Amino acid sequence: MDQSGDETFLDKSGIDEIPLITKAIHGSKPGDKSTDSCVVLVGTTGTGKTSALNIYTGNDLKVGEGAQSVTGTTVSVEDKVHVGGPKWIDNPGWSDSEGRSDNLVFKDLLRHMQVNHCYNVKAVVWCIMPTPRMDANLQAQAKFIDMFTPDDEKTSENEAGQIWNNVVIICKGKINPDKSADVQGAVMASKQNSVHAEPLSIRYEFAAPEILEGTTEKLRKESLRMLTPGEIRSELEVLFSKLPVPVPVVFANQKCLSCGQEGDPRLMTDTCHRNKKTGHTGTLTQRFSRPEVGAAMGFGAVGTVALSIAAAASATPLVLIGLPLVLLPGLTLGGHRFLNTASDGASACGGFKITDMRWSCCNAPELSPGGCTALCDLCGAVWGSSAKPCVMIKHPDINMQKEMDGYEVHVKNHDLVHIE
């Protein structure tokens, strides 16, 4: 699409192109909830997302002015103007003035799409302010957009970056003579994620009554780019007609071997366990149990009685020489249990102790190296368990930091495997 000069979207005969009506995908029937397409609105708060939705679809969602976010939750609406067209999904703006994390807003958007079976994206409408610079906000937003279509390892095709064929940039206002300069920052950010990205774009602002009365239509529409709602809808219809078929958004079913989270990785929290070590899940117990010591003592008592009877019957005291032999097992086990203490425990008898405690989970000696179970080296939870993760694996954005306290960051990726 020509990025400069005449920005109206008319064919050579001067008649608006007919907007593309959603077609069935892969043999599906229109209205099939699993294949209905959608248009997703994204962008910074105050860039006209909800206004664009209302104009195109004929809805009347509440809109705001400035940096104060009005859209508080992700919502889907039917297109009342283009019957049978894609649903439109509106959500809180990124860089939200109320302090919502962009990361959480994006996860909420994906979760809404999954729950409502919006698996095919006709368009991602990226609303921006005019800027030739690729600032940090645009870079972060482009990364989120790129996450709609990550590469699927199960297929031979490379799906990464496919979403950019269906991205439409709406620039709120005009600063530079050429449209390419006003959308340059967003286009550069898109190419950082996909070198072949060529998003379509449009720029406009609403025509005030005095502009409508005091300027010619050609000057207003072509030079000032101040349009009426009807003109905006017509130009968006033509622009959407140039888009290819909807892009499927695939939700994977994976599991993190480190923290046990399951589902699509994009919906997992950015928390996990830190590093894996071996250890024990049981408690330290005595090497010899009370029943074992009791049995040994009982054997000694019975032996003592037997030897005493034998000595009395034979009138031979030498029989008692065997007395220590029958008492020794009980005394040994009892003494071992009395003196046996954990390595970091206090001595039971004047500084002398035995460190021969055993782990209840595997009966291994306390001081033996290693362990029987993989554990987190920070919180001690079983590795791969669903216990509360203990570290952030990505640096939280500034809005998320406001709601957190005492967190630790350990940069890593989830250890993912596919599950059925």
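Since this is a predicted model, take the numbers as computed values, not measurements.

A. A look at the overall build of the protein chain. Looking only at helices and strands, the protein chain has 11 helices and 17 strands in total. Counting all 420 residues of the protein chain, 41% fall into the buried class. A total accessible area of about 21800 Å² is found for the protein chain, and carbon and sulfur atoms account for 57% of it.

B. Representation of the side chain of Lys-179 in the model. Mapped onto the secondary structure, Lys-179 falls in helix α4 (residues 179-182). Lys-179 sits in the buried class, given a relative accessible area of 1%. Polar side-chain contacts of Lys-179 include one of 3.0 Å to the backbone oxygen of Ser-201.

C. Up close: the confidence of the model for the protein chain. When the pLDDT values of the protein chain are averaged, the result is 83; 82% of them are 70 or greater. Taken together, the stretch residues 1-5 has pLDDT below 50 and engages in 13 contacts with residues farther than four places along the chain or on a different chain. Note on residues 9-35: pLDDT under 50 across the span, and 40 contacts to partners over four residues away in sequence or across chains.

D. Fine view of the pattern of salt bridges. One pass over the structure, following the stated rule, counts 12 salt bridges. For the salt bridge of Asp-108 with Arg-111, the shortest nitrogen-to-oxygen distance reads 3.3 Å. Placement of both Asp-108 and Arg-111 in helix α2 (residues 102-115) is noted, with a separation of three residues, approximately one turn of the helix. Here the residues in one salt-bridge network are Arg-274, Asp-377 and Glu-408, joined through shared partners.

E. Quick look at the layout of surface pockets. Approximately 1400 Å³ is the volume attributed to the largest pocket. Along the wall of the largest pocket there are 50 residues; nearest its centre are Met-147, Pro-150, Pro-265, Arg-266 and Lys-394. At the level of elements, α2, α3 (136-146), α11 (398-401) and β17 (416-418) are the ones that each hand at least two residues to the lining of the largest pocket. The dominant element in the lining of the largest pocket, judged by the number of residues it contributes, is α3, at six residues. Looking at the lining of the largest pocket, its residues break down into 20 nonpolar, 15 polar and 15 charged.

F. Representation of the pairing of strand β1 (residues 37-43) within the structure. Of all seven residues that make up β1, seven are buried, and the element is covered over most of its length. Residues Ser-37, Val-39, Leu-41 and Gly-43 line one face of β1 and the alternating positions Cys-38, Val-40 and Val-42 line the opposite face, and both faces are buried. Two strands pair when backbone bridges link them, and β1 and strand β4 (residues 120-128) are joined in this way by seven bridges, in the parallel orientation. In the sheet register, Cys-38 faces β4, and the bridge partner there is Val-121. In terms of strand pairing, β1 meets strand β3 (residues 87-90) through three bridges, oriented parallel. When the sheet's bridge partners are listed, Val-40 is paired in β3 with Ile-89.

G. Region of the structure containing the environment of Leu-367. With respect to the helices, strands and loops of the structure, Leu-367 is situated in the loop between β14 (358-359) and β15 (373-376). Excluding its chain neighbours within four sequence positions, the residues that come into contact with Leu-367 are Ser-343 and Thr-355.

H. Quick look at unusual backbone geometry. Within the chain, Arg-225 stands out as a residue other than glycine whose phi angle is a positive 55°. On the secondary structure map, Arg-225 appears in the loop between α7 (217-224) and β7 (226-227). In this model, Asn-363 sits at a positive phi of 65°, which is unusual for a non-glycine residue. Looking at the secondary structure, you find Asn-363 in the loop between β14 and β15.

I. Main features of α2. Taking 1.5 Å of rise per residue, the 14 residues of α2 would be expected to cover 20 Å, and the 20 Å separating its terminal C-alpha atoms lies within 8% of that figure. Restricting attention to buried positions, one finds in α2 the residues Asp-102, Asn-103, Val-105, Phe-106, Lys-107, Leu-109, Leu-110, His-112 and Met-113. On the buried face of α2, the contacting elements are β1, β2 (75-77), β3, β4, α3 and α11. N-cap assignment for α2: the residue whose side-chain oxygen lies 3.2 Å from the backbone N of Asn-103 is Ser-101. At the C-terminal side of α2, His-117 shows a positive phi close to 60°.

J. How the structure looks around the sheet that holds strand β9 (residues 254-256). The three strands are arranged β10-β9-β17 in an open sheet whose pairing can be described as antiparallel. A single partner strand is all that each edge strand has here, and the edge strands are β10 (262-263) and β17. As paired elements, β9 and β17 share three bridges and run antiparallel to each other. Directly across from Lys-255, in β17, lies its bridge partner Val-417.

Calculation rules
Residues numbered from 1 in each chain as written. Predicted model: local features only at pLDDT ≥ 70, side-chain atom pairs only at ≥ 80, totals over all residues. Heavy atoms only, no water. Helix = DSSP H or I, 4+ residues; strand = E, 2+ residues; numbered from the N terminus. Buried < 20%, exposed > 50% of the residue type's maximum accessible area, 1.4 Å probe, protein only. Areas by Shrake-Rupley, 256 points an atom, 1.4 Å probe, with all protein chains shown as cover. Polar contact = N/O pair within 3.5 Å; in protein donor to acceptor, adjacent residues only side chain to side chain. pLDDT = per-residue confidence, 0-100. Contact = heavy atoms within 4.5 Å. Salt bridge = Lys/Arg side-chain N within 4 Å of Asp/Glu carboxyl O. 1 Å grid on protein atoms, 1.4 Å probe; cavity = no way out; pocket = protein on both sides within 12 Å on 5 of 7 lines; lining within 4 Å. Points joined across faces, edges and corners; volume = space filled by probe spheres on them. Nonpolar A, V, L, I, M, F, W, Y, C, P; charged D, E, K, R; others polar. Pairing = 2+ DSSP bridges. Expected span 1.5 Å × (residues − 1).

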